[in-house]
Amino acid sequence: MDIKEYFTRISYRGSYDKPDLATLTDIFQHHVRAVPFENLSIHCGESIELDLEVTYNKIVRKKRGGWCMENNHLLSWVLKTLGYDVTLLGSKVYVPEYDAYADEIDHLLLKVVLDDKSYIVDGGFGMAYQMWQPMELISGTDQPQTPGVFRFLEESGVWYLEKVKRKQWVPNQSVSTSHNVEKEVCRRVYLFTLQPRDIEEFRSRNAHLQTAPDSLFVTKSICSLQTADGVRALVGWKLTEIKYNYKDNMDLVEIRILADEEIEKTLKEKFNITLDKKFVPINTSRLSLF
């Protein structure tokens, strides 16, 4: 594995000799705009392995994306290689339809300590809840970013991430099936503790999420990528493109349903992904991703 090859993959041409916040932020932003959050392997007959070299080969050399356990595992290697103090953490993702957090840890994120301050670095959440900058681990303070206002709340050692959403302008509203788009102002994202984790602790969950019949990742094919001004996502056959803060503190949301013959071309042109095997889109879950 070669850090310079990784930098080429994410089109990063900045300096990396000083492990500071500015460098961390710059590398992170290049990563989320170059590496999709996606689970397409599940839907084209491949398995997702928690092996760093396999992940490196998939994301860096094959120019694919991955889900949290791939993206953030790779990012942890990148940041450690550059001299950052990195700890793996585990979180439980919030499911709005159930108004509950997951029963077990199902998301990998990173804590980075810089100059006696802790930051959460999460390059593997995807969709519209993907942070664009490392977030300082401080409770009750709004941290405005381009996607919206994020904040942490801490209670008895448990940390909660939430995002304040803008209103959405959806020109073709009839296609939208978003979860309570107008009613939901603040969305809980996940909860976590600061207990250090090892990648081995995610192995069983990694297997479960790609095989369990009721897993969101089995019932939905997902590919999302952050852009210069928003995010685009292909879920099943539905292509959603969001421009953040398009006007009057509103996000522009454009939705289109693709035909089967458009899928491969869209993956290539919108997400820079070319798959080795036949991809079968799916979207049979009622759970929302927006």
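The structure we're discussing is the one just above.
Anyway, here's the lowdown on the structure attached to this text. Predicted model, so just to flag it, every value in this text is computed and none were measured. (Residues numbered from 1 in each chain as written. Predicted model: local features only at pLDDT ≥ 70, side-chain atom pairs only at ≥ 80, totals over all residues. Heavy atoms only, no water.)

1. Details of the pairing of strand E4 (residues 107-114)
Consideration 1: The element E4 is extensively covered by neighbouring structure, given that 7 of its 8 residues are classed as buried.
Consideration 2: Relative to E4, strand E2 (residues 85-95) is paired through 7 bridges, and the arrangement is antiparallel. Across the sheet, residue Thr 87 finds its bridge partner in E4, namely Lys 111.
Consideration 3: Pairing of E4 with strand E5 (residues 117-121) involves 5 bridges; the strand directions are antiparallel. Across the sheet, Leu 110 pairs through a bridge with Val 121, a residue of E5. (Buried < 20%, exposed > 50% of the residue type's maximum accessible area, 1.4 Å probe, protein only. Helix = DSSP H or I, 4+ residues; strand = E, 2+ residues; numbered from the N terminus. Pairing = 2+ DSSP bridges.)

2. Overview of the packing of aromatic side chains
Consideration 1: In the structure shown here, the tally under the stated rule is 14 aromatic pairs.
Consideration 2: For the pair Phe 152 and Phe 192, a centre-to-centre distance of 5.8 Å together with 80° between the ring planes defines the contact as edge-to-face. Of this pair, Phe 152 sits in strand E8 (residues 148-155) while Phe 192 sits in strand E11 (residues 186-192), and the two are 40 residues apart along the sequence.
Consideration 3: Classification of Phe 192 by relative accessible area gives buried; the value is 1%.
Consideration 4: Taking NZ or CZ as reference, Lys 163 lies 5.3 Å from the ring centre of Tyr 129, over its face. (Phe/Tyr/Trp six-rings, centres within 6.5 Å; stacked < 30°, edge-to-face > 60°. Lys NZ or Arg CZ within 6 Å of the ring centre and 35° of its normal.)

3. Notes on the environment of Arg 203
Consideration 1: Along the chain, Arg 203 falls in helix H5 (residues 203-209).
Consideration 2: Its relative accessible area of 35% is what places Arg 203 among the partly exposed residues.
Consideration 3: Expressed as a C-alpha distance, the spacing of Arg 203 and Ile 48, which sit 155 residues apart in the sequence, is 10 Å.

4. Here we look at unusual backbone geometry
Consideration 1: We note that Asn 245 has phi near 50°; this positive angle belongs to a residue other than glycine.
Consideration 2: Tracing the sequence through the fold places Asn 245 in strand E14 (residues 238-247).
Consideration 3: In this structure Asn 245 comes out as partly exposed when scored by relative accessible area, which is 41%.

5. A look at the pattern of salt bridges
Consideration 1: Using the criterion set out here, one finds 16 salt bridges in the structure.
Consideration 2: With a shortest N-O distance of 3.1 Å, Arg 61 and Glu 5 are connected by a salt bridge. Here Glu 5 lies in helix H1 (residues 3-9) and Arg 61 lies in helix H3 (residues 52-61), a separation of 56 residues in the sequence.
Consideration 3: On the basis of relative accessible area, Arg 61 is assigned to the partly exposed category, the value being 46%.
Consideration 4: Here Glu 70 ties to Lys 58 by a salt bridge, and the two come within 2.8 Å at their closest N and O atoms. (Salt bridge = Lys/Arg side-chain N within 4 Å of Asp/Glu carboxyl O.)

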